[in-house]
Amino acid sequence: MTARRTHTVTLIPGDGIGPEVTKAVVEVLEAAGRQTGVAFAWHSFAAGAEAFAQSGSYIPRELYDSIASTRVALKGPVTTPVGGGFASINVTLRKEFELYANFRPVKNLPGLATRYPGLDLIIVRENMEDLYAGLEHVVVPGVVQALKIITEKGSTRIARFAFNYARKHGRKKVHAIHKANIMKLSDGLFLSCCRKVHEEFPEVAYHEHIVDNTCMQLVMNPYQYDILLTENLYGDILSDLCSAFVGGLGLVPGANLGDACAIFEAVHGSAPDIAGKNLANPTALLQSAVLMLRHLDESEMADRVQAALEAVYTDGRHLTGDVGGRAGTQEFADAVVAALEALPAAS
Ligand code: NAI
């Protein structure tokens, strides 16, 4: 089918497994685009250590300019040095473009045996504040202070995002996750904002759970949750925990959303232990791309990519090692493209 529409998208392949999973996802999107009359103009940029080696900056000016103009990016993981070194590229981009909502659906794929079949929950994580504000300093040698920033504005808008999503998509419950028994002022403010926003959404049930208890409750019975509304750090940790319920980090997608721009990326990192070995599972980035297609109003294409992905899982012969298969990244991507071609023709 000849292209009827072209989307210009900023592409950040990232490092570690990033280039492998990004290549796989771009191949699938281009195949789905050929079927549905959608073309992509990819503006591709390095970020992090690779960008520094090429251009002398960790996030090149052209990358900022590209996201400001395309307003949508698909991003692979970028390694962040532990301890010293440069600031996280992810955190920097989220702050620069005010991507205040991190949206992470945790859902089982068909055909994959997991401990919690049929699980379908969403993590809505505040994406700019908390200990991720990056405000740390040495008070005196041997004593370091890190500032946990929680604001009324930030807490109110992430709570409104979660409740709005629940209303729009018929979700029944929001649980605010906190540690306000200890952090009475900061987590206390977060909770008071959540309670206030809840008053505007009486049809959505609202509960509060303390974060340590939430970890236990999640492992015992994750079905009790629908939307988990969290500050930045708790959401980061709970995302990896919840990914294990549906098969691991190779599967769970994410979207960083602001009022002007959006960056779509998997929950997982650069996985240096398997990088460059054709072992990585591109499903998490592919499902992030499906979220991107819905954001771009390409719902038919999004449905087709999701259907092809699910067909590959149902079939089970071309899965990657992290979910019990023997296929490499490329074989998996080829299987998704073949499954797209086996679908009935697009309208
Ligand atoms: P990680 O998510 O990269 O890896 C954790 C474990 O999950 C590893 O055993 C890895 O092999 C496995 N895994 C992750 N993604 C997978 C996939 N697609 N397919 C199969 N297995 C997969 O977490 P880790 O090791 O803590 O972090 C590595 C680096 O990534 C760090 O520098 C960290 O800062 C960075 N990172 C970057 C993120 C981003 O760019 N959005 C997010 C999280 C971490």
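Residues numbered from 1 in each chain as written. Predicted model: local features only at pLDDT ≥ 70, side-chain atom pairs only at ≥ 80, totals over all residues. Heavy atoms only, no water.

## A short note on the sheet that holds strand 11 (residues 255–257)
- On the basis of which strands lie adjacent, the open sheet formed by 10 strands has the order 2-1-3-12-11-4-5-10-8-9 and mixed pairing. Here the strands that pair on one side only, and so sit at the sheet edges, are strand 2 (38–44) and strand 9 (205–210). Averaged over neighbouring strand pairs, the angle between their axes works out to 25° when direction is ignored.
- Of the strands in this sheet, strand 1 (5–12), strand 2, strand 3 (72–75) and strand 12 (262–265) are in contact with helix 3 (residues 61–70), which crosses strand 1 at around 150°. (Pairing = 2+ DSSP bridges. Helix = DSSP H or I, 4+ residues; strand = E, 2+ residues; numbered from the N terminus. Axes fitted to C-alpha atoms, helices over the stretch in contact; angles between N-to-C directions. Contact = heavy atoms within 4.5 Å.)

## Examining the side chain of S243
- Position of S243 relative to the elements: it lies in helix 8 (residues 232–245).
- Given a relative accessible area of 2%, S243 falls into the buried group.
- Setting aside chain neighbours within four positions, we find S243 in contact with G248, L249 and V252. (Buried < 20%, exposed > 50% of the residue type's maximum accessible area, 1.4 Å probe, protein only.)

## Here we look at the packing of helix 10 (residues 299–315) against helix 11 (residues 329–342)
- The N-to-C vectors of helix 10 and helix 11 enclose an angle of 120°; their axes lie 8 Å apart at closest approach. Where helix 10 crosses over helix 11, the two elements pack in a sense that is right-handed. Two secondary-structure elements touch here, helix 10 through R304, V305, A308, L309, A311, V312 and Y313 and helix 11 through F332, A335, V336, A339 and L340. (Left-handed = near helix turned anticlockwise from the far one by under 90°.)

## Re the layout of surface pockets
- Approximately 970 Å³ is the volume attributed to the largest pocket.
- Lining the largest pocket are 30 residues, with F103, Y165, H169, L291 and R294 positioned closest to its centre.
- If you list the elements that add at least two residues to the lining of the largest pocket, you get strand 4 (101–107), strand 5 (120–126), helix 5 (152–169), strand 11, helix 9 (283–295) and helix 10.
- Across the lining of the largest pocket, the residue classes break down as 16 nonpolar, seven polar and seven charged.
- Lining the lining of the largest pocket are residues from two domains, each supplying at least three of them: domain 1 (1–109 + 248–347) and domain 2 (120–245).
- Forming the walls of the second largest pocket are 32 residues, and the residues nearest its centre are T80, S88, N90, V91 and Y132.
- Going through the elements one at a time, helix 4 (89–96) and helix 8 are the ones with two or more residues in the lining of the second largest pocket.
- Of the residues assigned to the lining of the second largest pocket, the class counts are 14 nonpolar, nine polar and nine charged.
- Taken domain by domain, the makeup of the lining of the second largest pocket includes at least three residues from each of domain 1 (1–109 + 248–347) and domain 2 (120–245). (1 Å grid on protein atoms, 1.4 Å probe; cavity = no way out; pocket = protein on both sides within 12 Å on 5 of 7 lines; lining within 4 Å. Points joined across faces, edges and corners; volume = space filled by probe spheres on them. Nonpolar A, V, L, I, M, F, W, Y, C, P; charged D, E, K, R; others polar. Domains from an automatic or database assignment.)

Coordinates in, geometry out; function isn't part of it.
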